[in-house]
Amino acid sequence: MGKLMIVNGSPRAPKSNSKLYIQAFLSGWSGAYELYSLTQRRQEDCLASLEQCSDLLLVFPLYTDGLPSGLMAFLQALLAQPPSHPLRVHMAINCGFLEPSQNDVAVDMIRLFCKRGGHSFGACLRISCGEAFPTTPFMAIARRKLRKLASAIAKGRPVQLTASMPLTKRMFLRAAQRYWLGRGRSFGVSEEEMSTLEIEGP
Amino acid sequence: MDLILTDRHLPSLSLPDNTPVIHVAEQKIAPCVGCFGCWIKTPGRCVIRDDAPAIYPAIARCDRLLVVSRLLLGCYDLPMKRLVERSLPNQQAFIRLHHGESHHVQRAVQPKQLTVVAYGAQDQEERDLFRRWLGRNSLNTLAEDYTILFADSEAQAEELAGKVVRAWVN
């Protein structure tokens, strides 16, 4: 295979979990690659560089049950300005919910993009429990799957992988509660304040 | 309360005086930056103070919502999708089980009847994908009572929107 273009599709790319997942992916990747974040506002450079790439890896969070709008805009631009050859498109998507299947619609949106652009859909990793995942010992599970993804892309194998924390629903709800309360505390915001029903004030 | 969100002008629509119509594509709505400020720093308020904070409370309050939107890759096109993303303050960070799946807890969001007039789909696959996306998103917006009307053209979208509003009035 030729060069791999990795696109971080997170709207908070420099501080994103997607960035951590890309770092874990790269620990298992030995081929040539370029890295681009959608927040860098260098979309034209990225589209031009795709001319030298055979593969594209999209790493992004599930956003309101679909693709982040920034990634949608990028894919729209790529449909309008395609490279002269078809790409193999791979993805690693992460959602903050327990169930990896909550990513399925977004995966099929990327499949539709591939069909529209004449590209082929390659390897895919669906990560769940994503928001807290990198802060737990379970990150080893995600790292292992990301290295598997890297190996599959290098060998041209269109694998479908999932990575999730081995938690029951009850355990997940408790862990999520603890995680978000901790995030709130770091801003001096209490559980009661975080639980307000008010939207934009009373 | 009724609310209409649209990404195109609907000049032929005849509305009762008190029905708000928001032309989403003409609003200043920046993309969500994923800071989670509306969950952990200023709960219920987005830190970006553009036009979105005047709209998402109205989405939460309404009990009948009509959305007119072009489709892109089986989802709302960018103007409406950005607004959906910026409506995150309507939810809490906390997670509950809803229909056996994990979903965010809602703030004061009125369960609503949602009608979507969707235009610009390129094929049946995109329509099917949009149906699946809306089905999932409706679980996170208390809009589980929803109807999708697919239009083959913008003119037909306007015509279908008119039918929905006439049914509201009657």
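Scroll up to find the structure.
First, a word on scope: everything that follows refers to the structure included in this document.

So, how was this worked out
- Residues numbered from 1 in each chain as written.
- Chains lettered and ligands numbered in written order.
- Predicted model: local features only at pLDDT ≥ 70, side-chain atom pairs only at ≥ 80, totals over all residues.
- Heavy atoms only, no water.
- Helix = DSSP H or I, 4+ residues; strand = E, 2+ residues; numbered from the N terminus.
- Rg over C-alpha atoms; globule rule 2.2 N^0.38 Å.
- Buried < 20%, exposed > 50% of the residue type's maximum accessible area, 1.4 Å probe, protein only.
- Contact = heavy atoms within 4.5 Å.
- Areas by Shrake-Rupley, 256 points an atom, 1.4 Å probe, with all protein chains shown as cover.
- Lys, Arg positive; Asp, Glu negative; His and termini not counted.
- Charge placed at Lys NZ, Arg CZ, Asp CG, Glu CD.
- Phe/Tyr/Trp six-rings, centres within 6.5 Å; stacked < 30°, edge-to-face > 60°.
- Lys NZ or Arg CZ within 6 Å of the ring centre and 35° of its normal.
- Polar contact = N/O pair within 3.5 Å; in protein donor to acceptor, adjacent residues only side chain to side chain.
- Buried area = accessible area lost by both parts, 1.4 Å probe.
- Salt bridge = Lys/Arg side-chain N within 4 Å of Asp/Glu carboxyl O.
- Axes fitted to C-alpha atoms, helices over the stretch in contact; angles between N-to-C directions.
- Parallel < 35°, antiparallel > 145°, perpendicular 65-115°, else oblique.
- Left-handed = near helix turned anticlockwise from the far one by under 90°.
- Nonpolar A, V, L, I, M, F, W, Y, C, P; charged D, E, K, R; others polar.

What follows is about the overall build of chain B. Along its length, chain B carries five helices and eight strands. The linear arrangement of helices and strands in chain B, starting from the amino end, is β-β-α-α-β-β-α-β-β-β-α-β-α. Against the globule reference of 15 Å for 170 residues, chain B gives a C-alpha radius of gyration of 16 Å, in line with a compact fold. Once the C-alpha set of chain B is aligned to its principal axes, its extents read approximately 45 × 35 × 30 Å. Counting only residues that meet the buried cut, chain B has 60% of its 170 residues in that class. Within chain B, residue pairs in contact and separated by at least 24 positions form 66% of the contacts whose partners lie at least 6 positions apart. For chain B, the accessible area works out to roughly 6800 Å², and carbon and sulfur atoms hold 50% of it. Between the mean site of the 20 positive side-chain charges and the mean site of the 20 negative ones, chain B shows a separation of 7 Å.

Moving on, we come to the packing of aromatic side chains. Considering all chains together, one arrives at ten aromatic pairs over all chains under this definition. Ring centres of Phe 25 of chain A and Trp 29 of chain A lie 5.6 Å apart, and the angle between their planes is 25°; on these two criteria the pair is classed as stacked. Trp 29 of chain A shares its class with Phe 25 of chain A; the two are buried. Ring plane angle 55° and centroid distance 5.6 Å describe the contact between Tyr 76 of chain B and Phe 130 of chain B, whose orientation is recorded as tilted. With Tyr 76 of chain B in strand β4 (residues 75-76) and Phe 130 of chain B in helix α4 (residues 124-139), this residue pair connects regions lying 54 residues apart in the sequence. Of the residues examined, Phe 130 of chain B reaches a relative accessible area of 0% and is grouped as buried. Connected via pairs of aromatic rings, a cluster forms that spans Tyr 179 and Trp 180 of chain A together with Phe 36 and Trp 39 of chain B. One Lys or Arg, Arg 111 of chain A, reaches over the ring of Phe 121 of chain A and ends 4.2 Å from the middle of that ring.

Tracing the sequence through the fold places Glu 85 of chain B in helix α3 (residues 78-86). Looking at Glu 85 of chain B, its side chain comes within polar contact range of the main-chain nitrogen of Ser 69 of chain A, at 2.8 Å. Setting aside its immediate chain neighbours within four residues, Glu 85 of chain B contacts Tyr 63, Thr 64, Leu 67, Pro 68 and Ser 69 of chain A together with Cys 32 of chain B.

Let's shift gears to the interface of chain B and chain A. With 56 residues of chain B at the contact, the number on the chain A side is 48 residues. Buried surface at the junction of chain B and chain A, both sides included, amounts to about 4500 Å², of which 62% is carbon and sulfur. In terms of surface lost to chain A, no three residues of chain B exceed Ile 40, Leu 73 and Phe 94 of chain B, which account for 18% of the buried area on that side. At the boundary of chain B and chain A, one finds six salt bridges. One salt bridge connects Arg 45 of chain B with Glu 200 of chain A, and the closest N-O pair in it is separated by 3.5 Å. With seven residues, the top contributor of residues to the side of chain B that touches chain A is α4 of chain B.

Time to look at the packing of helix α3 (residues 69-80) of chain A against helix α4 (residues 104-117) of chain A. Residues and elements named next belong to chain A. The contact between α3 and α4 brings their axes to 10 Å, and the two run at 15°. Accordingly, the angle class assigned to the pair α3 and α4 is roughly parallel. Crossing of α3 against α4: the hand is right-handed. Two secondary-structure elements touch here, α3 through Leu 75, Leu 78 and Leu 79 and α4 through Ile 110, Phe 113, Arg 116 and Gly 117. For the contact of α3 with α4, the class distribution of residues is five nonpolar, one polar and one charged.

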